[in-house]
Amino acid sequence: MTDQLPVGPYRMVRTAEGAAVPWYVIPFDADGACTGPRTRDDLVNRARGGGFTDIVIFCHGWNNDWRQATGHYDDFFNGYVRMRSERALPVAPGYAPLLVAIFWPSKLLVADADQPPDFAGDGDADDGLVADERDDLAELAAAVDPDHRPRLFALAQQRSLDEADALELAGILAPLYGTDRDETAEQAPPTPAEIAASWQAPRRRRSADPADFDNAPPTVDGVPQAAGWPDFLRPREILRGASVWLMKDRAGRVGARGVGPLLVQLLGTGARVHVVGHSFGAKVLLSAITVPAALPAPVHSALLLEPAVSHLCFAADADGHGRPGGYRPVLDRVGQPILSTFSGHDEPLTRFFHLALRRSGDLGEADIAADEPPSRYAALGGYGPRPLGAQAALTPILDPTTRYALDAPGLQVVGVDGTRTIPSHGEVSNPSTWWMLYDLMTR
């Protein structure tokens, strides 16, 4: 982060018409406390008295430090303005926007969201954790019982885990797996035995016929395994998954405790408020919309870019027992249908996310059709919203200047298949996503 945030706007940017637009960055810590309260207060006061027509709140995703987060914001802002200029896209008379960027500590354990940490003891690495890895693991360890931290570090350094080690590590990490069950409406945390059992499944290969799964012997990298515990679990893969649980919980906490109250204040200014969230930043904003007891006005629009939340988070029945997804209230708190992208090129959300979050009793564990979510924990940003019906639909991503069809009766969330223009989890700034925001803001 910079040495000191300004009390006022972080920067002034320009609209396509050349008007100056204040851009604020509001920082929060891991518990949702605003670490720039004077900047936040200046933002709210300016929003109340500045005659702004539209306030756009952006929130970055996981594994973004200060430089990366502000760089992503810059890129999106500049691209949006460039698109409007090149295509002469109009805005309403008197249009006066205000930009708000959230910064939260989303960097943990892995430097790249699609690569596991390189813990020593694995492969040809030397013994001992390097300094950066030790610091990152220490942050993860801070979330567990202090008496268990020495043993956590010792297990993390092992090349592999046997059954006893895995059960011990599962017991140490159990507090992480007991957090943030709101998306899929689960009522009880998993036991250590269930946690440990869930770590085995990602390494197994299924039989060709899903119907034969229960009777087929598990395999590891193609080698059949005898009944009982397979001796192949790698600590770095387990800790990578645990970091996802921790980050999900943090994103929800930042949204509920920090961004939520700020959102209420900004909605009370009379300006139309739009939210744009990427990855776990979408969870930050969904929590901010959901948790307040009441909002002074609806959020005007919501754009979710590759959201790292469950594809069932908006469902009326998320668990098969009539319990709604945790973010279903958002549907009635946003004035327009929510646009939410997903992409077949998003490897973290199509190949890893649901494996990190699955439980041993996940009914989606067996192979199913490639175009359907592989698990009830599958990401909204990997597969789009489910179930489909009057309230939810899927559509291909559109280029400027084709409007999205959002007027169907009862429609509240649209999964936008961005495979054509979104080449990876992090590359979400392009003309088609800039157009989505423009389409929503000008309705």
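Predicted, not measured: the structure shown is a model, and the values here were computed from it.

Rules used in this analysis
- Residues numbered from 1 in each chain as written.
- Predicted model: local features only at pLDDT ≥ 70, side-chain atom pairs only at ≥ 80, totals over all residues.
- Heavy atoms only, no water.
- Core = buried A, V, L, I, M, F, W, Y, C linked by side-chain atoms within 4.5 Å.
- Buried < 20%, exposed > 50% of the residue type's maximum accessible area, 1.4 Å probe, protein only.
- Helix = DSSP H or I, 4+ residues; strand = E, 2+ residues; numbered from the N terminus.
- Contact = heavy atoms within 4.5 Å.
- Phe/Tyr/Trp six-rings, centres within 6.5 Å; stacked < 30°, edge-to-face > 60°.
- Expected span 1.5 Å × (residues − 1).
- Pairing = 2+ DSSP bridges.
- Polar contact = N/O pair within 3.5 Å; in protein donor to acceptor, adjacent residues only side chain to side chain.
- Salt bridge = Lys/Arg side-chain N within 4 Å of Asp/Glu carboxyl O.
- Axes fitted to C-alpha atoms, helices over the stretch in contact; angles between N-to-C directions.
- Parallel < 35°, antiparallel > 145°, perpendicular 65-115°, else oblique.
- Left-handed = near helix turned anticlockwise from the far one by under 90°.
- Nonpolar A, V, L, I, M, F, W, Y, C, P; charged D, E, K, R; others polar.

(A) Spatial organisation of the nonpolar core. Membership of the largest hydrophobic core comes to 83 residues, with the highest contact counts inside it found for Ile57, Ile102, Leu173, Trp199, Leu266 and Phe314. Take this core: its biggest share by element is 14 residues, from helix H7 (residues 235-267). Look past the residues within four positions of Ile102 in its chain and what remains in contact with it is Ile26, Phe28, Ile57, Phe58, Cys59, His60, Tyr73, Val259 and Leu262.

(B) Looking closely at the packing of aromatic side chains. On inspection of all chains with the given rule, the structure shows 11 aromatic pairs. Where Tyr73 meets Phe77, the ring centres are 6.3 Å apart and the plane angle is 10°; that geometry is what we call stacked. Separated by 4 residues within a single helix, Tyr73 and Phe77 lie in helix H2 (residues 66-87), roughly one turn from each other. The class of Tyr73 is buried, set by a relative accessible area of 6%. For Phe77, a relative accessible area of 6% puts it in the buried group. An aromatic cluster of at least three residues, connected via ring pairs, comprises Tyr10, Trp23, Phe58, Trp66, Tyr73, Phe76, Phe77 and Phe103.

(C) Expanded view of H7. Taking 1.5 Å per residue, 33 residues should reach 48 Å; H7 reaches 45 Å between its end C-alpha atoms and fits that length. In terms of residue burial, H7 counts as a mostly covered element, since 26 of its 33 residues are buried.

(D) Expanded view of the pairing of strand E1 (residues 11-14). Bridging between E1 and strand E2 (residues 20-27) involves 4 bridges; their strand directions are antiparallel. Within the sheet, the bridge partner assigned to Val13 lies in E2 and is Val21. Between E1 and E2, which pair antiparallel one after the other, the connecting turn spans 5 residues, and Gly18 there sits at a positive phi close to 95°.

(E) Inspection of the pairing of E2 at higher detail. Counting buried positions along E2 gives 7 out of 8 residues, so the element sits mostly inside the fold. Summarising the sheet, E2 and strand E4 (residues 97-103) pair through 5 bridges and their orientation is parallel. The partner of Pro27 across the bridge, within E4, is Phe103.

(F) Up close: H2. End to end, H2 covers 32 Å across 22 residues, agreeing with the expected 32 Å (1.5 Å per residue, within 8%). Every buried residue of H2 is listed here: Trp66, Ala69, Thr70, Tyr73, Asp74, Phe76, Phe77, Gly79, Tyr80, Met83 and Arg84. Elements that come into contact with the buried residues of H2 comprise E1, E2, strand E3 (54-59), E4, strand E8 (301-305) and helix H11 (431-441). For H2, the capping residue at the N-terminal end is Asp65, with a side-chain oxygen 3.3 Å from the backbone nitrogen of Arg67.

(G) Main features of the pattern of salt bridges. Scanning all chains against the criterion turns up 12 salt bridges. A salt bridge links Asp74 to Arg11; the shortest N-O distance between them is 2.6 Å. Of this pair, Asp74 sits in helix H2 while Arg11 sits in strand E1, placing them 63 residues apart in sequence. In this structure, the salt-bridge partner of Glu168 is Arg151, at a minimum N-O distance of 2.8 Å. Of this pair, Glu168 sits in helix H5 (residues 163-177) while Arg151 sits in helix H4 (residues 149-156), placing them 17 residues apart in sequence. With a relative accessible area of 32%, Arg151 lands in the partly exposed category. Through salt bridges with shared partners, a single ionic network connects Asp31, Asp249 and Arg253.

(H) Just the packing of H7 against helix H8 (residues 280-290), in detail. Contact geometry for H7 and H8: axes closest at 7 Å, N-to-C directions at 45°. When the interaxial angle is binned, H7 and H8 end up oblique. Two packed elements cross with a definite hand, and for H7 against H8 that hand is right-handed. Contacts between H7 and H8 involve Val244, Met247, Lys248, Ala251, Gly252, Val254, Gly255, Ala256, Val259, Gly260 and Leu263 from the former and Phe280, Lys283, Val284, Leu285, Ser287, Ala288 and Ile289 from the latter. Looking at the contact of H7 with H8 residue by residue, the class counts come to 12 nonpolar, 4 polar and 2 charged.

Everything listed is a geometric property; what it means functionally is a separate question.
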